[in-house]
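Listed below are the residues making up each chain.
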Amino acid sequence: LFREACPARLIGVTGSNGKSTTAAMTAAILQAEGRTTWLGGNIGTSLLERLDQIGPDDWGVLELSSFQLRHLSRNVRMPQVAVVTNCSPNHLDWHAGYAHYRAAKQRILAGQSTGDLAVLNTSEAEVACWAPLVRGRQTPLVPQGEIPMLSVPGRHNRINATCAATAAMAAGCTSEAVRRGLGAFSGLPHRLESIAVVRGREFCDDSSSTTPDSTAAALESLPGPTWLLAGGRDKGLDFSRLAAAIVERSRGAAFYGSVREQWCRQLLAHLPEFPCTAVETMEEALRWCWHRSRSGECIVLSPACSSHDQFRNYRTRGERFVERVRQLAQRLDEKSPLQRRD
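Residues numbered from 1 in each chain as written. Predicted model: local features only at pLDDT ≥ 70, side-chain atom pairs only at ≥ 80, totals over all residues. Heavy atoms only, no water.

*Asks:* Explanation requested: the sheet that holds strand β6 (residues 137-138) in the structure shown.
*Replies:* Taking strand neighbours across the sheet as the criterion, the six strands line up as β2-β3-β1-β4-β5-β6 in an open arrangement whose pairing is parallel. The outermost strands of the open sheet, each flanked by one partner alone, are β2 (37-41) and β6. One ladder, built from two bridges, connects strand β5 (residues 117-120) with β6; its direction is parallel. Bridge pairing links Leu-117 to Arg-137 in β6. (Pairing = 2+ DSSP bridges. Helix = DSSP H or I, 4+ residues; strand = E, 2+ residues; numbered from the N terminus.)

*Asks:* Would you explain unusual backbone geometry in this entry?
*Replies:* Note: most peptide bonds trans; most residues except glycine with negative phi. In the Ramachandran plot, Leu-192 falls in the positive-phi region, its phi being about 45 degrees despite a non-glycine side chain. For Leu-192, the position within the fold is in the loop between α7 (175-183) and β7 (193-198). Taking relative accessible area as the criterion, Leu-192 reaches 7% and is therefore assigned buried. Positioned with a positive phi, Ala-304 is a non-glycine residue whose angle comes to about 65 degrees. (Buried < 20%, exposed > 50% of the residue type's maximum accessible area, 1.4 Å probe, protein only.)

*Asks:* Please explain the packing of aromatic side chains as it appears in this structure.
*Replies:* A ring pair, where both rings are aromatic, is described by two values, the distance of the centres and the angle of the planes. The full count for this structure, using the stated rule, is seven aromatic pairs. Between Phe-203 and Trp-290 the ring centres are 6.2 Å apart and the planes differ by 25 degrees, which places this aromatic pair in the stacked class. Taken together, the residues span a long stretch of sequence, with Phe-203 in strand β8 (residues 201-205) and Trp-290 in helix α11 (residues 282-292) at a distance of 87 residues. Just as Phe-203 is buried, Trp-290 falls in that class too. The interplanar angle of 70 degrees and the centroid separation of 5.9 Å between the aromatic rings of Trp-227 and Trp-288 together place this pair among those described as edge-to-face. Note that Trp-227 is positioned in strand β9 (residues 226-231) and Trp-288 in helix α11, a separation of 61 residues in sequence. On the basis of relative accessibility, which here comes to 4%, the residue Trp-227 falls in the buried class. We classify Trp-288 as buried; its relative accessible area is 13%. Ring-pair connections join several aromatic residues into one group, and the members of that group are Phe-239, Phe-255 and Trp-263. (Phe/Tyr/Trp six-rings, centres within 6.5 Å; stacked < 30°, edge-to-face > 60°.)

*Asks:* Looking at this structure, I do not really get the pattern of salt bridges. What am I missing?
*Replies:* Note on pairing: side chains with opposite charge can pair once their charged atoms come close. In total, this model carries 11 salt bridges according to the counting rule given. In this structure, the salt-bridge partner of Glu-126 is Arg-102, at a minimum N-O distance of 3.8 Å. With Glu-126 in helix α5 (residues 125-128) and Arg-102 in helix α4 (residues 98-110), this pair connects stretches of sequence that are 24 residues apart. For Arg-102, a relative accessible area of 27% translates into the label partly exposed. Arg-324 is the salt-bridge partner of Glu-283, the closest N and O atoms lying 3.2 Å from each other. One end of the pair, Glu-283, is in helix α11; the other, Arg-324, is in helix α12 (residues 314-331), and 41 residues separate them in sequence. On the basis of relative accessible area, Glu-283 is assigned to the buried category, the value being 15%. (Salt bridge = Lys/Arg side-chain N within 4 Å of Asp/Glu carboxyl O.)

*Asks:* For this particular structure, what's the right way to read the side chain of Arg-107?
*Replies:* You can see Arg-107 is positioned in helix α4. For the buried residue Arg-107, which engages in no salt bridge, the nearest side chain bearing the opposite charge is Glu-4, 10 Å off. Beyond its immediate chain neighbours, meaning those up to four positions away, Arg-107 contacts Leu-69, Leu-72, Ser-73, Arg-74 and Met-78. (Lys, Arg positive; Asp, Glu negative; His and termini not counted. Contact = heavy atoms within 4.5 Å.)

*Asks:* Sorry if this is basic, but what is going on with the layout of surface pockets here?
*Replies:* Computed from the structure, the second largest pocket encloses a volume of approximately 390 Å³. Taken together, 17 residues line the second largest pocket, and the ones lying closest to its centre are Phe-2, Arg-3, Leu-62, Leu-64 and Leu-72. In terms of residue count, helix α1 (residues 2-5) provides more of the lining of the second largest pocket than any other element does, three residues in total. For the lining of the second largest pocket, a count of residues per class yields 10 nonpolar, four polar and three charged. (1 Å grid on protein atoms, 1.4 Å probe; cavity = no way out; pocket = protein on both sides within 12 Å on 5 of 7 lines; lining within 4 Å. Points joined across faces, edges and corners; volume = space filled by probe spheres on them. Nonpolar A, V, L, I, M, F, W, Y, C, P; charged D, E, K, R; others polar.)

*Asks:* Whenever I open this one, the environment of Ala-168 confuses me. Can you help?
*Replies:* In this structure, Ala-168 sits in helix α6 (residues 155-170). With relative accessibility at 0%, the residue Ala-168 sits in the buried group. When the C-alpha atoms of Ala-168 and Glu-33 are compared, they prove to be 9.4 Å apart, with 135 residues separating the residues in sequence. When near neighbours in sequence (up to four residues on either side) are disregarded, Ala-168 contacts Thr-26, Ile-29 and Cys-173.

*Asks:* Looking at this structure, I do not really get the sheet that holds strand β10 (residues 252-256). What am I missing?
*Replies:* Spatial strand order, β7-β8-β12-β9-β10-β11: six strands in an open sheet with mixed pairing. Each edge of the open sheet carries a strand with a single partner, namely β7 and β11 (276-278). Strand-to-strand, the axes of this sheet are offset by a mean angle of 15 degrees, without reference to chain direction. Here three bridges tie β10 to β11, and the two strands are oriented parallel to one another. (Axes fitted to C-alpha atoms, helices over the stretch in contact; angles between N-to-C directions.)

As far as function goes, none of this settles anything; it's purely spatial.
Following this line, the structure appears as structure tokens:
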């Protein structure tokens, strides 16, 4: 309905990981260029109720999930600029296998016309081979030198920024707008968000990481010794890469929720002496990590799973984590405040 009625030019962003951040970065660059910009879609904001405020000279940036793309009718035209950040198995508890999931993601390209543009993250082999599906023109990724220093950590976020810059420049933005927009971008809630320092331990909320790959990327981005809280409802995804990242990049892991026993067994099979536990709730996992951590270390919630066994969504899960850390700080009469971004 929105696509049919929206008068603005649209940029659509999809991918297994990083699509919210890439969409928000793209919008930030467009705004730095002085464009009236609307950000919505799977990022949590429906723009239908704002249609009367959106004009033909505006730009809309839409985050599009595999579910949204799968359910779109065949005659719906996709956004004039399509961005694909990456593609790896996800939501296999709903999709009929990886091929079904991948086909849903590829709809963003198949639904474009010959005058449209596509931005593919060609640094990933899976997405690079989608070039023959592009119906319009594929826009090469901008050089890494165009990307300024970012306040959000990790190589994955520099790739997100490269995709965002390429899309925004395809929409007519300048290099200066890229530098201003990305330089001021402070990140989104629940995405490797530093929320508190308590007795020298930094707490990070990465509740939006709902796949093993995204949690592995989070662990690779954190500089110091880390204690991991992970778990929830299994989406049928491979745990092996994450198990290797946990062993290499963390001091210990507490698994909770419906995957707890399975993942704990798999990790101990990988390294029998590695410190890990299987507990029922996120609160128990937090206590386990807190009692074993030391000053100078990080405790991160990066679940690698769906939240739907114990929480309504990843936002509710992240908010619960923040509240439990707040309560911990209050019990200890901690003077260091929560450092949450607005």
